[in-house]
Amino acid sequence: GAVVSQHPSWVICKSGTSVKIECRSLDFQATTMFWYRQFPKQSLMLMATSNEGSKATYEQGVEKDKFLINHASLTLSTLTVTSAHPEDSSFYICSAGTGWGYEQYFGPGTRLTVT
Amino acid sequence: AQSVTQPDIHITVSEGASLELRCNYSYGATPYLFWYVQSPGQGLQLLLKYFSGDTLVQGIKGFEAEFKRSQSSFNLRKPSVHWSDAAEYFCAVGGWDTGRRALTFGSGTRLQVQP
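Residues numbered from 1 in each chain as written. Chains lettered and ligands numbered in written order. Predicted model: local features only at pLDDT ≥ 70, side-chain atom pairs only at ≥ 80, totals over all residues. Heavy atoms only, no water.

**What to know about the environment of B:W35**
Residue and element names in this part refer to chain B.
No. 1: Looking at the secondary structure, you find W35 in strand β5 (residues 32-38).
No. 2: Note on W35: relative accessible area 0%, which makes it buried.
No. 3: Distance from W35 to V93, taken between C-alpha atoms, is 8.9 Å for residues 58 residues apart in sequence.
No. 4: From its side chain, W35 meets the backbone oxygen of F74 in a polar contact 2.8 Å long. (Helix = DSSP H or I, 4+ residues; strand = E, 2+ residues; numbered from the N terminus. Buried < 20%, exposed > 50% of the residue type's maximum accessible area, 1.4 Å probe, protein only. Polar contact = N/O pair within 3.5 Å; in protein donor to acceptor, adjacent residues only side chain to side chain.)

**Some points on the state of the cysteines**
No. 1: Counted under the stated rule, the structure contains two disulfides over all chains.
No. 2: There is a disulfide in this structure between A:C23 and A:C94, and the S-S distance comes to 2.0 Å. Measuring the twist about the S-S bond at about 80°, one finds the A:C23-A:C94 disulfide to be right-handed. Of the two residues, A:C23 is situated in strand β3 (residues 19-25) and A:C94 in strand β9 (residues 90-97); the sequence distance between them amounts to 71 residues.
No. 3: For A:C23, a relative accessible area of 0% puts it in the buried group.
No. 4: The class for A:C94 is buried, based on a relative accessible area of 0%.
No. 5: Residue B:C23 pairs covalently with B:C91 via a disulfide, S to S 1.9 Å. Judged by the torsion about the S-S bond (-65°), the B:C23/B:C91 disulfide is left-handed. Taken together, the positions of B:C23 in the loop between β3 (19-21) and β4 (24-26) and B:C91 in strand β10 (residues 87-97) put the pair 68 residues apart, joining distant regions of the chain. In this structure, B:C23 and B:C91 share a single accessibility class: buried.
No. 6: As a non-bridged cysteine, A:C13 has A:C94 as the owner of its nearest cysteine sulfur, 18 Å distant. (Disulfide = S-S within 2.5 Å.)

**With respect to the interface of chain B and chain A**
No. 1: Taken together, the contacts link 23 residues of chain B with 22 residues of chain A.
No. 2: Roughly 1,800 Å² of surface becomes buried between chain B and chain A when both sides are summed, with 56% attributable to carbon and sulfur atoms.
No. 3: Along the contact surface separating chain B from chain A lie zero salt bridges.
No. 4: If you list the elements that add at least two residues to the side of chain B that touches chain A, you get β5, β6 (44-50), β10 and β11 (100-105) of chain B.
No. 5: At five residues, the largest contribution of residues to the side of chain B that touches chain A is made by β11(B).
No. 6: Partitioned by chemical class, the residues of the side of chain B that touches chain A number eleven nonpolar, eight polar and four charged. (Contact = heavy atoms within 4.5 Å. Buried area = accessible area lost by both parts, 1.4 Å probe. Salt bridge = Lys/Arg side-chain N within 4 Å of Asp/Glu carboxyl O. Nonpolar A, V, L, I, M, F, W, Y, C, P; charged D, E, K, R; others polar.)

Limitation: the analysis is restricted to geometry and does not speak to function.
Next comes the structure, spelled out in structure tokens:
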């Protein structure tokens, strides 16, 4: 149980275009979803937290107009990287939590390369 | 603010040897503690967690961790390492931080297993 999927697993896009990453909880309802960014050989950095039906809460330093997060249902959250640039290339990981617990279930990640 | 320190960036052990990965945390109240493992290019898999109760926690893949409040530590152990255990290991602490529910990760420890 507690499986989280991400799609796509790997995407290459050209500079200036937008790319959408989906995060789905497959066998449970996720009241809260989290988006992380991970640079090579580094830890995870929280980008934003989203609750179903509410606006996402972004961490300090994260551009909310660049990284659009939508949490339209209890099983789906999307991250859209708008007007992508090479410096946005990274590994993006989503996670999902239930209720008020602190345990998070992680997706397999999406590797974004912007050329 | 809560924080996690993993003092060992890289550890190499021989297959069959015992393993201990260190984790120290800083948190004002009783923390929720987690150990995750990440294989290259993959998301995070939960190894074990501590919320309350018995301070020695058993996890998957033969791992265990001990919560020591007096030392603010939550070290991960395994009596006999297998080659498949080679991966990146992250310790995390959960709790309320700056008004939001958060999971804070350590910088990770990369485990290499020698045959």
